[in-house]
Amino acid sequence: MIKKSLIWSYRVAYIALGTFVFLGLLSIIGLRYFVLPHIDDYKPKIVQGLSQVLGQKVTIGNIYANWDSLNPHLSIFNVDIYDKENRIALSLRHIEGSLSWTSIPLFEPRLASFSIYQPELTIRREKDGTIYVAGVSMSGPSKPEFPNWLLRQAQVNVIDANIIWQDDLRGAPALNLDKLNLALENPAWDRLRGHHNFSLRATPSAATSKPIDIRGRVFGKDVSQIESWHGSVYAKADGTDIAAWRNWLDYPFDLREGHGAAQFWVDFADSQVDSFT
């Protein structure tokens, strides 16, 4: 009886594996001969799908497709995402992405690699504390799907970005981060646990004329609940006016003036600084 059960289990597993391989090959053939050569014909549907997922108006310039080894590769140009006032909140001039075949069992687009070139982005904190990224609220009952989707990708690179931080809660002047490069790495096992490694390098418009370097490891799965995240962050700035950063940062000590190089480590949890070194 046990032998028959094992044989039956092996047959089921063999049939399931064969079905999966067959569907995979069918998907490759379909993409190779029917979808990718005519990818521009699908642009209206892609735009409509993105607009529905983001809940915002999206426009796309051009889409090109080819192959990156065995992975379908997309090059997308001139993507604009609009806010509720129909203003451009995020401009993505050039995007490169290679589709991962894990998208099939996960029933969600997953990318083996994802690179965003020269984006222009505004991040704003309102007087009530609500943070908006590209016009999308990072709090409230509706989850910001696009940022959360990015956290589920294996690797995300942002290259030569221009980011504006507008903090109306503090009443601080706008801070511009120019020539920003960001690398976000989410290995498979870490992704399941909500662990993310990142490195960022940018030149701020105030307090220093040299690039700042920020690296960290953070833990969280939903950016709409970022107040519950925790992790560690390291930052380094050369030739900086340390006191000038008080416009945008709260130091755990009274700092009136200070110039030179600075580096520090911060451990945080539940919107509180646990340690500052």
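This is a predicted model, so every value here is computed, not measured.

Draft legend 1. Structural context of the side chain of S100. Positionally, S100 belongs in the loop between β3 (88-99) and α3 (103-106). Setting aside chain neighbours within four positions, we find S100 in contact with N71, R110, L111 and A112.

Draft legend 2. Seen up close, the pattern of salt bridges. Applying the stated criterion to the full structure yields four salt bridges. The closest approach of N and O atoms between D80 and R93, which form a salt bridge, is 3.5 Å. Of this pair, D80 sits in strand β2 (residues 71-82) while R93 sits in strand β3, and the two are 13 residues apart along the sequence.

Draft legend 3. Spatial organisation of the pairing of strand β4 (residues 111-117). By the bridge criterion, six bridges tie β3 to β4 in an arrangement that is antiparallel. Note that in β4 the partner of E96 across the bridge is S115.

Draft legend 4. Molecular detail of the nonpolar core. Within the largest apolar cluster, 32 residues are counted, with the highest numbers of intra-cluster contacts made by I60, V79, F114 and L180. Mapped onto this core, the elements with two or more residues apiece are β1 (58-68), β2, β3, β4, α4 (145-151), β8 (155-167), β9 (175-185) and β10 (195-204). Discounting residues that sit within four places of it in the chain, V79 has contacts with V58, T59, I60, L90, S91, L92 and I95.

Draft legend 5. Structural context of the packing of aromatic side chains. One pass over the structure, following the stated rule, counts three aromatic pairs. The interplanar angle of 70 degrees and the centroid separation of 6.0 Å between the aromatic rings of Y64 and F77 together place this pair among those described as edge-to-face. One end of the pair, Y64, is in strand β1; the other, F77, is in strand β2, and 13 residues separate them in sequence. Judged by relative accessible area, which is 47%, Y64 ranks as partly exposed. Their ring planes at 45 degrees and their centres at 5.0 Å tell us that Y234 and W265 sit as a pair that is tilted. One end of the pair, Y234, is in strand β12 (residues 230-241); the other, W265, is in strand β13 (residues 259-269), and 31 residues separate them in sequence. Taking relative accessible area as the criterion, Y234 reaches 18% and is therefore assigned buried. Exposure remark for W265: the relative accessible area of 45% places this residue in the partly exposed category.

Rules behind the numbers
- Residues numbered from 1 in each chain as written.
- Predicted model: local features only at pLDDT ≥ 70, side-chain atom pairs only at ≥ 80, totals over all residues.
- Heavy atoms only, no water.
- Helix = DSSP H or I, 4+ residues; strand = E, 2+ residues; numbered from the N terminus.
- Contact = heavy atoms within 4.5 Å.
- Salt bridge = Lys/Arg side-chain N within 4 Å of Asp/Glu carboxyl O.
- Pairing = 2+ DSSP bridges.
- Core = buried A, V, L, I, M, F, W, Y, C linked by side-chain atoms within 4.5 Å.
- Buried < 20%, exposed > 50% of the residue type's maximum accessible area, 1.4 Å probe, protein only.
- Phe/Tyr/Trp six-rings, centres within 6.5 Å; stacked < 30°, edge-to-face > 60°.

Any functional reading would require information beyond the geometric quantities listed.
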